[in-house]
Amino acid sequence: MGLLASTVKVTAHAVDVVRSPDAGLVILIYHRVGARTPVVVDLPTPVFDDQMSRLAETGDVLSLDDAVGRLSAGEDLTGHQVITFDDGTVDFVEDALPVLDKYDLPATLYVATRHIDENVPFPDGGQSATWASLADAVSSRLVTIGSHTHSHALLDRLAPADVAAELDRSIELIGDKLGVHASHFAYPKALAPTPIADRAVRERFVSAALAGTRANGPGCDVHRLLRSPIQTTDGSRWFGHKVAGGMRFEDEVRQMVNRRRYRGASA
Ligand SMILES: [Zn+2]
């Protein structure tokens with residue numbers, strides 16, 4: 001682990017000791033499983049298997065539909081978790097799904113539909129999944145398909161008509177190709193929306209997700225769901241803290257870095 005990343009994790013835990021994590025539903029974000037690429041969000045399958053086994057034994061994993069319905073009704077979902085994946089890469093079907101199936105854990109996959117439809121690779125060597133493999137995933141009954149825009153666009157810098165087109169095209173393709181309605185949305189790069197994007201998302205989806213590395217308490221805004229990204233460097237120890245709703249400071253550092261990195265970028 002890089003010195004900076006490890007310092008951030010140690011500091012994040014120290015911050016949690018003085019500033020207790022909020023109670024509520026914990027939503028985990030995964031990107032890739034199978035360690036095909038060297039990126040920090042591409043977990044070796046045994047590590048993912050170990051984490052899922054832990055959730056199956058000591059957690060209480062809900063489907064996103066169930067969790068959003070109960071959060072909207074004001075229920076306190078402390079002690080529950082939701083598993084989410086972003087993008088729609090081939091490893092979700094080949095490596096992650098068999099593990100989810102082994103432990104009978106539901107998960108939501110937010111797909112950027114243009115990458116699937118036109119076989120556009122994701123950055124850092126991410127090979128896109130096919131519609132046929134995603135249809136198989138849907139037929140497992142464990143997988144909910146959500147939208148992650150059409151072209152993995154950063155909505156905060158698009159004109160209103162382009163925001164609508166990104167969302168509508170993704171909903172349309174998921175319906176046409178998979179026969180399911182995309183009720184849930186995840187913002188690419190977890191960038192907070194502009195008022196225009198926020199309105200367009202609320203009009204179309206039951207929920208929307210960002211990052212945040214915090215739990216979602218009763219009365220939270222289900223169109224600003226907070227999620228905790230899991231990285232190869234989390235190991236068992238930091239994973240445990242994230243499942244308990246901790247490590248928020250790590251997200252605060254991420255947001256600071258992103259404000260510089262995505263300034264002027266569009267996707
Ligand atoms: Zn993404």
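Below is a summary of the structure that appears in this document.

Definitions and cut-offs
Residues numbered from 1 in each chain as written. Predicted model: local features only at pLDDT ≥ 70, side-chain atom pairs only at ≥ 80, totals over all residues. Heavy atoms only, no water. Helix = DSSP H or I, 4+ residues; strand = E, 2+ residues; numbered from the N terminus. Rg over C-alpha atoms; globule rule 2.2 N^0.38 Å. Buried < 20%, exposed > 50% of the residue type's maximum accessible area, 1.4 Å probe, protein only. Areas by Shrake-Rupley, 256 points an atom, 1.4 Å probe, with all protein chains shown as cover. Lys, Arg positive; Asp, Glu negative; His and termini not counted. Charge placed at Lys NZ, Arg CZ, Asp CG, Glu CD. Donors = N, O, S within 2.8 Å, 3.2 Å for Na, K, Ca; no water. Axes fitted to C-alpha atoms, helices over the stretch in contact; angles between N-to-C directions. Parallel < 35°, antiparallel > 145°, perpendicular 65-115°, else oblique. Contact = heavy atoms within 4.5 Å. Left-handed = near helix turned anticlockwise from the far one by under 90°. Nonpolar A, V, L, I, M, F, W, Y, C, P; charged D, E, K, R; others polar. 1 Å grid on protein atoms, 1.4 Å probe; cavity = no way out; pocket = protein on both sides within 12 Å on 5 of 7 lines; lining within 4 Å. Points joined across faces, edges and corners; volume = space filled by probe spheres on them. Pairing = 2+ DSSP bridges.

1. Remarks on the overall build of the chain
Part 1 of the reasoning: When helices and strands are counted, the chain shows 10 helices and nine strands.
Part 2 of the reasoning: Taking 18 Å as the expected radius of gyration for a compact globule of 267 residues, we find that the chain reaches 17 Å, a close match to that expectation.
Part 3 of the reasoning: Structurally, the chain occupies a C-alpha span of about 45 × 40 × 40 Å along its principal axes.
Part 4 of the reasoning: In the chain, which comprises 267 residues, the proportion classed as buried is 53%.
Part 5 of the reasoning: Summed over all atoms, the accessible surface of the chain reaches about 11,300 Å², with 53% contributed by carbon and sulfur.
Part 6 of the reasoning: Taking the 27 positively charged and 35 negatively charged side chains of the chain as two groups, their mean positions are separated by 7 Å.

2. Re unusual backbone geometry
Excluding glycine, residues mostly carry a negative phi; peptide bonds, for their part, are mostly trans.
Part 1 of the reasoning: Residue lysine 189 is not a glycine yet carries a positive backbone phi of 55°.
Part 2 of the reasoning: Counting through the fold element by element, lysine 189 comes out in the loop between strand 7 (184-186) and helix 8 (195-204).
Part 3 of the reasoning: Judged by relative accessible area, lysine 189 falls into the partly exposed class, the value being 31%.
Part 4 of the reasoning: Phi is positive for alanine 190, which is not a glycine, with a value near 55°.
Part 5 of the reasoning: Following the sequence through the fold, alanine 190 ends up in the loop between strand 7 and helix 8.

3. Observations concerning the coordination of the zinc ion
The expected angle between donors at a tetrahedral four-coordinate metal is 109.5 degrees. At an octahedral six-coordinate metal it is 90 or 180 degrees.
Part 1 of the reasoning: Distances from the zinc ion to its protein donors, Asp87 (OD), His148 (NE2) and His152 (NE2), fall within 2.1 to 2.2 Å.
Part 2 of the reasoning: Mapped onto the polypeptide sequence, the residues donating to the zinc ion form the spacing pattern D-x60-H-x3-H. Taken together, the positions of aspartate 87 in strand 4 (residues 81-87) and histidine 152 in the loop between strand 6 (143-147) and helix 7 (160-178) put the pair 65 residues apart, joining distant regions of the chain. By the burial criterion, aspartate 87 is buried, and histidine 152 matches it.

4. Structural notes on the packing of helix 6 (residues 131-139) against helix 7
Part 1 of the reasoning: Orientation of helix 6 relative to helix 7, taken along the N-to-C sense of each, is 75°, at an axis distance of 10 Å. Here helix 7 runs roughly perpendicular to helix 6, going by the angle between their axes. Here Trp131, Leu134, Ala135 and Val138 of helix 6 come into contact with helix 7, specifically with Leu173, Ile174, Lys177 and Leu178.

5. Overview of the packing of helix 2 (residues 45-58) against helix 9 (residues 235-243)
Part 1 of the reasoning: Remark: helix 2 packs on helix 9, axes separated minimally by 11 Å, with the N-to-C direction vectors making an angle of 40°. Taken together, helix 2 and helix 9 sit at an angle that is classed as oblique. Here helix 2 runs over helix 9; the crossing is right-handed. Residues Gln51, Arg54 and Leu55 of helix 2 form the contact with helix 9, whose participating residues are Gly235, Ser236, Phe239, Gly240 and Val243.
Part 2 of the reasoning: In terms of residue class, the contact of helix 2 with helix 9 is built from three nonpolar, four polar and one charged.

6. A look at the layout of surface pockets
Any empty space left between atoms is shown by rolling a water-sized probe over those atoms.
Part 1 of the reasoning: Volume-wise, the largest pocket comes out at about 1,200 Å³.
Part 2 of the reasoning: Lining the largest pocket are 39 residues, and of these Val40, Val41, Arg254, Arg261 and Tyr262 lie nearest its centre.
Part 3 of the reasoning: Elements with a minimum of two residues in the lining of the largest pocket: helix 1 (3-18), strand 4, helix 5 (113-117), strand 9 (225-229) and helix 10 (248-261).
Part 4 of the reasoning: Tallying contributions element by element places helix 10 first for the lining of the largest pocket, with seven residues.
Part 5 of the reasoning: Residue lining of the second largest pocket: 17 residues in total, with Ala190, Leu191, Ala192, Arg254 and Gln255 positioned closest to the centre.
Part 6 of the reasoning: Taken together, the elements giving at least two residues each to the lining of the second largest pocket come down to strand 8 (207-212) and helix 10.
Part 7 of the reasoning: Ranked by the residues each element gives to the lining of the second largest pocket, the list is headed by helix 10, at five residues.
Part 8 of the reasoning: Grouping the amino acids of the lining of the second largest pocket by side-chain chemistry returns seven nonpolar, three polar and seven charged.

7. What to know about the pairing of strand 6
Part 1 of the reasoning: For strand 6, the buried fraction is high: five of the five residues fall into the buried class.
Part 2 of the reasoning: Burial of strand 6 is two-sided: the residues Val143, Ile145 and Ser147 facing one way and the residues Thr144 and Gly146 facing the other way are all buried.
Part 3 of the reasoning: Sheet analysis places strand 5 (residues 107-111) next to strand 6, joined by five bridges and oriented parallel. Paired with valine 111 across the two strands is serine 147, which belongs to strand 6.

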